[in-house]
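# What the coordinates show
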Amino acid sequence: QVTFDGTFTPTDPGTYILQAITLAGDDNSADDTASGTLFVIEPPSITLADVSKDSCTYTEITGGTPGPSGDDVQLSITLPFSFSYDDNAYDKLQISTNGWVEFGTGTDGTLYGLSTSGQVGSFFSQQMATTGRPTKTVGVWWSDLETGTGNITYKTTGSSPFRSFIVQWKNVNQFGVSTKLNFQIELFETSNIILLHYGPIIIGSSTSDAAMGMKDE
């Protein structure tokens, strides 16, 4: 048993390695150090969100900038305006073929930065209800998707300070499934409102589960 009389306060969330080094009486250095891992996370800060469901006409965007294409592909872009999410201001966005977007600012891989490819992984992984990456995320239709014959585009509309930024997934499909999906996320400048738009579904072979919702850092 090892007793530690001091104190240690982690300065940032992350993974910390704890080591207790003893001076053993034998000459075997392999048993002189006991190690442990401490995972420090911040408590969720999204305590309340106003969510409503409305019926409206789905308006497809045209002439947008091409987004990520393929299977399990992410694209990082600079937002056209600062957007506040969970009381933090972000200037970057990561768009995934798997139906989610992630906010970021500063250095990628840090607490408030965009997730790196190594943190996200090269294969689909559902991380909505976990502390895993990606974080600061909105799941529009978070599932194992691929663009196939469809595409992902993004576009800014309106004039400052009341612009909106739209990301659109058009005729994308879940991996290995022929059903086509259409959906968008729209971010509003100044008000920081998020709208999720769901368009027509072209019925094919089948569909599988998806997650919709918000995730903080």
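To keep things clear, this report deals only with the structure shown in the data block. Each residue is numbered by its place in its chain's sequence as written, counting from 1. Totals for whole chains, interfaces and linings use every residue, but because this is a predicted model, local features are given only for residues with pLDDT of at least 70 and side-chain atom pairs only at 80 or more, for both listing and counting. Think of the side-chain values as coming from all heavy atoms in the structure, minus any hydrogens and water.

### Topic: the overall build of the protein chain
- Helices and strands together make up the secondary structure of the protein chain, namely one helix and 13 strands.
- Element order for the protein chain, N to C, with α for helix and β for strand: β-β-β-β-β-β-α-β-β-β-β-β-β-β.
- Relative to its full complement of 217 residues, the protein chain shows a buried share of 35%.
- Every residue pair with non-hydrogen atoms within 4.5 Å of one another is taken to be in contact. Considering only intrachain contacts with a sequence separation of at least 6, the fraction spanning at least 24 residues in the protein chain is 57%. For helices the rule is a DSSP run of H or I covering at least 4 residues; for strands it is a run of E covering at least 2, with both sets numbered from the N terminus onward. For the exposure calls, accessible area comes from a 1.4 Å probe over protein chains only, and a residue counts as buried if that area is under 20% of its type's maximum, exposed if over 50%, partly exposed in between.

### Some remarks on the pattern of salt bridges
- A side-chain nitrogen of Lys or Arg and a carboxyl oxygen of Asp or Glu constitute a salt bridge if their distance falls within 4 Å. This structure, assessed with the given rule, holds five salt bridges.
- A salt bridge links Glu 60 to Lys 170, with the shortest nitrogen-to-oxygen separation between them at 2.9 Å. With a gap of 110 residues between them, Glu 60 in the loop between strand S2 (33-40) and strand S3 (65-66) and Lys 170 in strand S10 (residues 164-174) connect regions that are remote in the sequence.
- Under the relative-accessibility criterion, Glu 60 is labelled partly exposed at 37%.
- Glu 189 is the salt-bridge partner of Arg 163, the closest N and O atoms lying 2.9 Å from each other. Remark: Glu 189 occurs in the loop between strand S11 (180-188) and strand S12 (194-198) and Arg 163 occurs in the loop between strand S9 (151-157) and S10; sequence separation between them is 26 residues.
- A relative accessible area of 11% places Glu 189 in the buried class.
- By sharing partners, the salt bridges in this structure join Glu 102, Arg 133 and Lys 136 into a single network.

### As for the sheet that holds strand S6 (residues 100-104)
- Taken in spatial order, the five strands line up as S4-S5-S6-S7-S13 in an open sheet, and their pairing is antiparallel. Of all strands in the sheet, those bounded by a partner on one side alone are strand S4 (74-85) and strand S13 (211-215). Across the sheet, the axes of successive neighbouring strands diverge by a mean angle of 20 degrees, strand direction being ignored.
- Following DSSP output, two strands are said to pair if at least two bridges run between them. By the bridge criterion, eight bridges tie S4 to strand S5 (residues 88-96) in an arrangement that is antiparallel. Note on S5: the bridge partner recorded for Gln 74 is Ser 96. To define axes, lines are fitted to C-alpha atoms, for helices over the stretch in contact only, and angles between the resulting N-to-C directions are given on a 0 to 180 degree scale.

### Details of the packing of aromatic side chains
- To pair, rings of Phe, Tyr and Trp, with the six-membered ring standing in for Trp, must have centres within 6.5 Å; the planes then decide the type, stacked if under 30 degrees apart, edge-to-face if over 60, and tilted in the middle. Throughout the structure, instances matching the rule amount to eight aromatic pairs.
- Here the aromatic cluster, defined as three or more aromatic residues joined through ring pairs, consists of Phe 83, Tyr 85, Tyr 90 and Phe 103.

### A few points about the side chain of Lys 180
- Locating Lys 180 in the fold gives a position in strand S11.
- At a separation of 3.2 Å, a polar atom in the side chain of Lys 180 contacts the side chain of Thr 149. What qualifies as a polar contact is a pair of N or O atoms within 3.5 Å, subject to a donor-acceptor requirement within protein and to the restriction that residues adjacent in sequence count only when both atoms come from side chains.

### Concerning the pairing of S5
- Of the pairings in the sheet, the one linking S5 to S6 comprises four bridges and is antiparallel in character. Within S6, the position partnered with Leu 93 by the bridge is Phe 103.
- Hairpin geometry of S5 and S6 is characterised by an intervening segment of three residues between the two adjacent antiparallel strands and by a positive phi of about 85 degrees at Gly 99.

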